[in-house]
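Chain by chain, the residues:
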Amino acid sequence: MHGGIKVYRGSAVAARNYVEADRPRADDYYLAEGAGVAQRFVAISHSSQSVGSETAVVTGGGTLDGDAYEVWVAGFDESGKPKGRLRTDDQAVRFVEVVVNGPKTWSLAAAVHPGIALAYEAAQDRAASEIISWVAANATTRVGPRGRQVQVPVERLEAAVIRHYTSRAGDPHRHLHLQFNARVWAGAKWRGIHTVGIRDSLEAINGIGHAAVQCDPEFRAAVADHGYSFDPVSGEIGELVPFVGEFSERAAQIGRNVSGYEAEWRTENPGREPGPGLRRAWDTRAWAQARPDKVVPRDGAELARRWVEELHDLGFHEPPSTRPPPGAAACVPQPASVSVGELDRDEIAAAVLVRLGSRRSAWNVADVRGEVEQAIAKAGVTTPRAVRGELAEDITTRAVTACVPLLRRTDVPGHVRAFTSPRVLAVEAELTTRLAARAETLPVPADPRRPATAKDLDALQQDVVAAVAGTPRLVVVEGAAGAGKTTTLAAARQALETQGHRLMVVTPTLKAAQVASRELQTPAFSAAWLVHQYGFRWDEDGRWARQVGAEDSLPATSPADLRRGDVLLVDEAGMLDQDTARALLRVADETGARLALLGDRHQLPAVGRGGVLDLASRWVPPEGHLVLDAVHRFTDPAYGDLSLLMRTGERSGEVFDQLLARGQIHIHPSTAEQAEVLTTPPAEGIGAGDAGGTAGGTHPSTGGTGGGMGGGTGGQCLLIADTRAQVDLLNKMMRDHRVATGEVDDCHTIVTADGGRIGAGDRVVTRRNDRELDVANRETWTIEAITIDTQADTQADTQAGTHGGTHGGDGGHGGEVTLRGRSGVRHVPASYARDHLALGYATTVYGAQGETVAAADLILSEHTNAASAYVGMTRGRTFNTAHLVAETVEDARRQWIEVFTRDRADLGPTHAATLAADDVDRYGTAATPADSSWRLQAAVLRRDRNPDGGRDLRSEPAPSPRRPRHPHPASDRNRGPGVGR
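Residues numbered from 1 in each chain as written. Predicted model: local features only at pLDDT ≥ 70, side-chain atom pairs only at ≥ 80, totals over all residues. Heavy atoms only, no water.

### Focus on the overall build of the chain
Link 1 in the chain: Helices and strands together make up the secondary structure of the chain, namely 31 helices and 33 strands.
Link 2 in the chain: Looking at the chain as shown, the accessible area adds up to about 40100 Å², and 51% of this sits on carbon and sulfur atoms. (Helix = DSSP H or I, 4+ residues; strand = E, 2+ residues; numbered from the N terminus. Areas by Shrake-Rupley, 256 points an atom, 1.4 Å probe, with all protein chains shown as cover.)

What follows is the structure, given as structure tokens:
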């Protein structure tokens, strides 16, 4: 389970429409008469004595039909009384929603076998109950006047569970939507749930949901009973994995067809909403279009039969069942499992902290619990809920005990990420020490003469060349997007060569290193590769160690051989993580190399613990800290000025107004229309390479990027979105258009691991570094040919036996794929193509950083933050356009401003301590046994509500004192030793 979270705001009527419209139309086949919209549950919270182990009793509250669901969402009880004072505006929070799902192979197995379907459904129900119990026990609400609020535990919480059997495309996808009502009971009255606390508990929710199903004995027994096996690490049913991609792609095609019909209809019917009859007609039309040789299913039983037929068409055969024959003694198959007693709990707790520390600088108990649940599932444990719960609580307690608090106070709310580990602190401490030592060495004054190589540079760029080619042991260069950093470094390289020294460039990614090497004409490597040459190794959990004697074992002929006086320059240093930075600094110190960091703190941060550029900027002496803020990239100087405002987030409303007037803000009525506009090929005569357009008009990339993503060629367009899901949909929609026009071969294809079909003519990206194949992650290519090894396919089919046929449809097992890109021609095996190629017409923001093209389109959504928006809006030389879905210009303007207020970059534990303290100030402190003021207030309110001493059933059981969830050592200081100073 790896779902996200949705905070629903708006009217109850709209919420009902949201639920009913979101339900896949194919689900109608499954729903019995009077099944209702949702199941209601009530959770009453109790306290416990273990960290993160609070429990709540969950009871069923009946079925909600459409009318009852609407009343429930609006915040009224069964008698129609409001649950406290209710907001009625369109920003009122109604519920918080999470999704309980699992790997696609679970749903496919359930589609083939009714017995597995029943067991899976029951396991999901138990998982939902467990999640509701955990959320109810850990949720809070805020009490008190603004500025002096206290977070108190929720005593009663209500949830609705909505069951879906299929995806909107009509393929098997069993999942639950859990909606936690925004009205909760605490302190003798109804209050609003603290949504931020739920959001920051998502890791625990996802972990519990996944482990509860994967470790469920009944579900695992049903799977084993039908002859299937689990991969504990991935959670997949192994026998069905080879068919997921092709099966999902067929269903996704139907979904894309429906989206196209919807976009066309909405364009012709602005302001109207399609009804259920029209949507069913679209389903029928889409099915017929995607499967012209298949009859459209008329009922649920026929739909299920078609699923099984399609699996068999792909080569799937059911494995032999382990069930006893009729008349034989019945026996319950026992799935392969690891005993709870076999687990080393301390070892798991230590590994959990390592995995957390490899991804972030700070965490909360929910993050620990989620990681613990994932570890239990991966260990192969199959055990009842109570046993698994005790195991998870115990390991969570051990892990939390080994943590270091970032704030020394006892009133930190549970959702605030205020824990770290000794290892995380040690890494930042060493970084700080090494950077400060480099800064303390006084540099020899730079040569005042202008470097001969810098004749075409501006004054700021000349200063950078002088500093890099001078003698400082630490140089930091920060530059805005388009400030000419590459040109400056090329001049610095030439200046160093005249001194007999080298400029060695490393980058956070191999793709960026290839670009730097090509543009600077100097050796460039990924930072990970360089430190690997010096003996540093990471394991799969993120632990790293160095081979003994590795610092003296590098041959002098190695391209990684750094020498005294050489400059080790880290490009895109803002994206460098702290673990790799520590290894780089050790290498630089041992070899005597000088260090230069080049980057922009306003662009994308590291994936994980970052802040290296911030640390270096703090310690570098003033003469070694240079800033390039003269923008040279854009053809319109006025846009360069706007880009600098986007860089800092200043006057974001004014920037929106100017971009709108320039035609660089496009507002779409719906996501369907937005996707259709952005993926439809441009009109004849306007190629994707044309970079023109007038202010206030349509530029070439709008109405279809056509050429897909570029990469420094300056003649292509770039389509950028926030999430992989958005990118995947856009890529497949663009491919559909290219197949229709004959630009892409859809006959000889390979189906990739993410369900995408690729053929000759497709633009693709490699998703994994492979030095033997000479391809880099996020590098862009065009497929020239796919060669199928039919003999290898036949042998693979024979070996597969009853467990399936070819993997990946027509592409099969054997053969190779010919790729052409800026680096030349590559021949990769079909196995690499299946596992590590993806369509590349659209890209994420991380895939776009470092690119320079003619024009770029950026899709802004609720996931976009300030750094993403700035990077996306600075890729195009001639035109950059932001696309938003909004009903009005005012709504779009509000969304734009919100984007530039979002900045939660992980800049290390010191910065995390500051964020944690800010969160406590912003969201209020946690109620503690010593702080009884809110309970006194609740007692007065309870007396006023019940003057005769009668019981208020809504508040039972009576609240009992709860110990603080995050005990910290008593101290007058807020922050722990060495943190935040």
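### Digging into the sheet that holds strand β25 (residues 763-766)
Link 1 in the chain: The antiparallel open sheet is built from 5 strands, whose spatial order is β28-β27-β26-β25-β29. Single-partner strands in this sheet number two, and they are β28 (824-829) and β29 (837-839). Across the sheet, the axes of successive neighbouring strands diverge by a mean angle of 40 degrees, strand direction being ignored.
Link 2 in the chain: Relative to β28, strand β27 (residues 816-821) is paired through 6 bridges, and the arrangement is antiparallel. When the sheet's bridge partners are listed, Val817 is paired in β28 with Val828. (Pairing = 2+ DSSP bridges. Axes fitted to C-alpha atoms, helices over the stretch in contact; angles between N-to-C directions.)

### A short note on the sheet that holds strand β19 (residues 594-599)
Link 1 in the chain: Judged by pairing direction, the sheet is parallel, and its 6 strands sit side by side in the order β15-β14-β18-β19-β13-β20 without closing on themselves. The sheet is open, and its two edges are formed by β15 (524-526) and β20 (625-628), each paired on a single side. Recorded for the sheet is a direction-independent mean angle of 20 degrees between the axes of neighbouring strands.
Link 2 in the chain: Sheet topology places strand β13 (residues 474-479) next to β20; 4 bridges connect them, and they run parallel. The partner of Glu478 across the bridge, within β20, is Val627.

### Structural notes on the environment of Asp636
Link 1 in the chain: Secondary-structure assignment places Asp636 in the loop between β20 and α21 (637-648).
Link 2 in the chain: Here Asp636 falls in the partly exposed class, since its relative accessible area comes to 28%. (Buried < 20%, exposed > 50% of the residue type's maximum accessible area, 1.4 Å probe, protein only.)

### Side note on the nonpolar core
Nonpolar side chains tend to gather and get buried jointly when the protein is soluble and globular.
Link 1 in the chain: Core analysis: the biggest nonpolar cluster contains 36 residues, and Leu530, Tyr534, Leu568, Val570, Leu584, Leu595 and Leu597 have the highest contact counts within it.
Link 2 in the chain: Of all elements in the fold, only α14 (422-440), β13, β14 (503-507), α18 (527-533), β18 (567-570), α19 (578-591), β19 and α20 (612-619) reach the threshold of two or more residues within this core.
Link 3 in the chain: The element that contributes the greatest number of residues to this core is α19, accounting for 6 residues.
Link 4 in the chain: The contacts of Leu530, once residues within four sequence positions are left out, are Met504, Val506, Ala560, Leu568 and Leu584.
Link 5 in the chain: By size, the runner-up hydrophobic cluster in this structure holds 33 residues, among which are Val655, Ala856, Ala867 and Val871. (Core = buried A, V, L, I, M, F, W, Y, C linked by side-chain atoms within 4.5 Å. Contact = heavy atoms within 4.5 Å.)

### Overview of the confidence of the model for the chain
Link 1 in the chain: Taken residue by residue, the chain gives an average pLDDT of 81. The fraction at 70 or more is 80%.
Link 2 in the chain: A low-confidence stretch, residues 48-53 (pLDDT under 50), is modelled with 17 contacts involving residues beyond four sequence positions or located in other chains.
Link 3 in the chain: Contacts for the low-pLDDT stretch residues 932-981, under 50 throughout, to residues beyond four places or in other chains number 103 contacts. (pLDDT = per-residue confidence, 0-100.)

### A look at the packing of aromatic side chains
Link 1 in the chain: A full pass over the atoms with the stated rule returns 13 aromatic pairs.
Link 2 in the chain: Between the aromatic rings of Trp185 and Trp190, the centroid separation amounts to 5.4 Å while the plane-to-plane angle is 75 degrees, which identifies the pairing as edge-to-face.
Link 3 in the chain: Of the residues examined, Trp190 reaches a relative accessible area of 6% and is grouped as buried.
Link 4 in the chain: Grouping aromatic residues by their ring pairs yields a cluster made of Trp106, Tyr120, Phe219 and Phe230.
Link 5 in the chain: The ring centre of Trp190 lies 5.2 Å from the NZ or CZ of Lys83, which sits over that ring.
Link 6 in the chain: Positioned above the aromatic ring of Phe230, the side-chain terminus of Arg220 is 4.3 Å from the ring centre. (Phe/Tyr/Trp six-rings, centres within 6.5 Å; stacked < 30°, edge-to-face > 60°. Lys NZ or Arg CZ within 6 Å of the ring centre and 35° of its normal.)

### Focus: helix α24 (residues 724-740)
Residues that lie three or four places apart on an α-helix share one face, since the helix turns once every 3.6 residues.
Link 1 in the chain: Here α24 is 17 residues long and its end C-alpha atoms lie 24 Å apart, about the 24 Å a rise of 1.5 Å per residue gives.
Link 2 in the chain: Every buried residue belonging to α24 is among Val727, Leu730, Asn731, Lys732, Met733, Met734, Arg735 and Arg738, and all of these are buried.
Link 3 in the chain: Gly742 sits one or two residues past α24 and shows a positive phi near 85 degrees. (Expected span 1.5 Å × (residues − 1).)

### What to know about unusual backbone geometry
Note: most residues except glycine have negative phi, and most peptide bonds are trans.
Link 1 in the chain: Positive phi is not limited to glycine here, since Glu572 has a value of about 55 degrees.
Link 2 in the chain: On the secondary structure map, Glu572 appears in the loop between β18 and α19.
Link 3 in the chain: Located in the positive-phi region is Arg778, a residue other than glycine, with phi close to 70 degrees.
Link 4 in the chain: With respect to the helices, strands and loops of the structure, Arg778 is situated in the loop between β25 and β26 (780-787).

### Brief notes about the environment of Pro270
Link 1 in the chain: Locating Pro270 in the fold gives a position in the loop between α8 (241-268) and α9 (276-290).
Link 2 in the chain: Taking the C-alpha atoms as reference points, Pro270 and Pro669, 399 residues apart in sequence, are found 8.3 Å from one another.

### Quick look at the pattern of salt bridges
Link 1 in the chain: Counting across every chain of the model gives 59 salt bridges.
Link 2 in the chain: With a shortest N-O distance of 2.8 Å, Asp394 and Arg345 are connected by a salt bridge. Taken together, the positions of Asp394 in helix α13 (residues 385-401) and Arg345 in helix α11 (residues 345-359) put the pair 49 residues apart, joining distant regions of the chain.
Link 3 in the chain: For Arg345, a relative accessible area of 18% gives the class buried.
Link 4 in the chain: Glu898 serves as the salt-bridge partner of Arg894, at 2.9 Å between the closest nitrogen and oxygen. (Salt bridge = Lys/Arg side-chain N within 4 Å of Asp/Glu carboxyl O.)

### Side note on the side chain of Ser868
Link 1 in the chain: Positionally, Ser868 belongs in helix α28 (residues 866-872).
Link 2 in the chain: Owing to a relative accessible area of 8%, Ser868 belongs among the buried residues under this scheme.
Link 3 in the chain: Excluding its chain neighbours within four sequence positions, the residues that come into contact with Ser868 are Leu604, Asp722, Val845 and Leu858.

### Section: the pairing of strand β22 (residues 717-721)
Link 1 in the chain: Across the 5 residues of β22, 5 count as buried, placing the element largely inside the fold.
Link 2 in the chain: Burial along β22 is two-sided: Cys717, Leu719 and Ala721 facing one way and Leu718 and Ile720 facing the other are all buried.
Link 3 in the chain: In terms of strand pairing, β22 meets strand β31 (residues 853-859) through 4 bridges, oriented parallel. Across the sheet, the residue bridging to Leu719 is Asp857, located in β31.

### Re the packing of helix α4 (residues 114-138) against helix α6 (residues 202-214)
Link 1 in the chain: Running from amino to carboxyl end, α4 crosses α6 at an angle of 150 degrees, the nearest separation of the two axes being 9 Å. Taken together, the axes of α4 and α6 are roughly antiparallel relative to one another. Crossing of α4 over α6 shows right-handed handedness. Contacts between α4 and α6 involve Tyr120, Ala123, Gln124, Ala127, Glu130, Ile131, Trp134 and Val135 from the first element and Ala204, Ile205, Ile208, Gly209, Ala212 and Val213 from the second.
Link 2 in the chain: Looking at the contact of α4 with α6 residue by residue, the classes come out as 11 nonpolar, 2 polar and 1 charged. (Parallel < 35°, antiparallel > 145°, perpendicular 65-115°, else oblique. Left-handed = near helix turned anticlockwise from the far one by under 90°. Nonpolar A, V, L, I, M, F, W, Y, C, P; charged D, E, K, R; others polar.)

### Notes on helix α7 (residues 217-225)
Link 1 in the chain: Among the 9 residues that make up α7, 7 are buried, leaving the element largely enclosed by the rest of the structure.
Link 2 in the chain: Phe219, Arg220, Ala221, Ala222, Val223, Ala224 and Asp225 are the residues of α7 that are buried.
Link 3 in the chain: Of the surrounding elements, those touching the buried residues of α7 are α3 (104-112), α4 and α6.
Link 4 in the chain: Capping the start of α7 is the job of one residue whose side-chain oxygen sits 3.2 Å from the backbone nitrogen of Glu218: Asp216. (Polar contact = N/O pair within 3.5 Å; in protein donor to acceptor, adjacent residues only side chain to side chain.)

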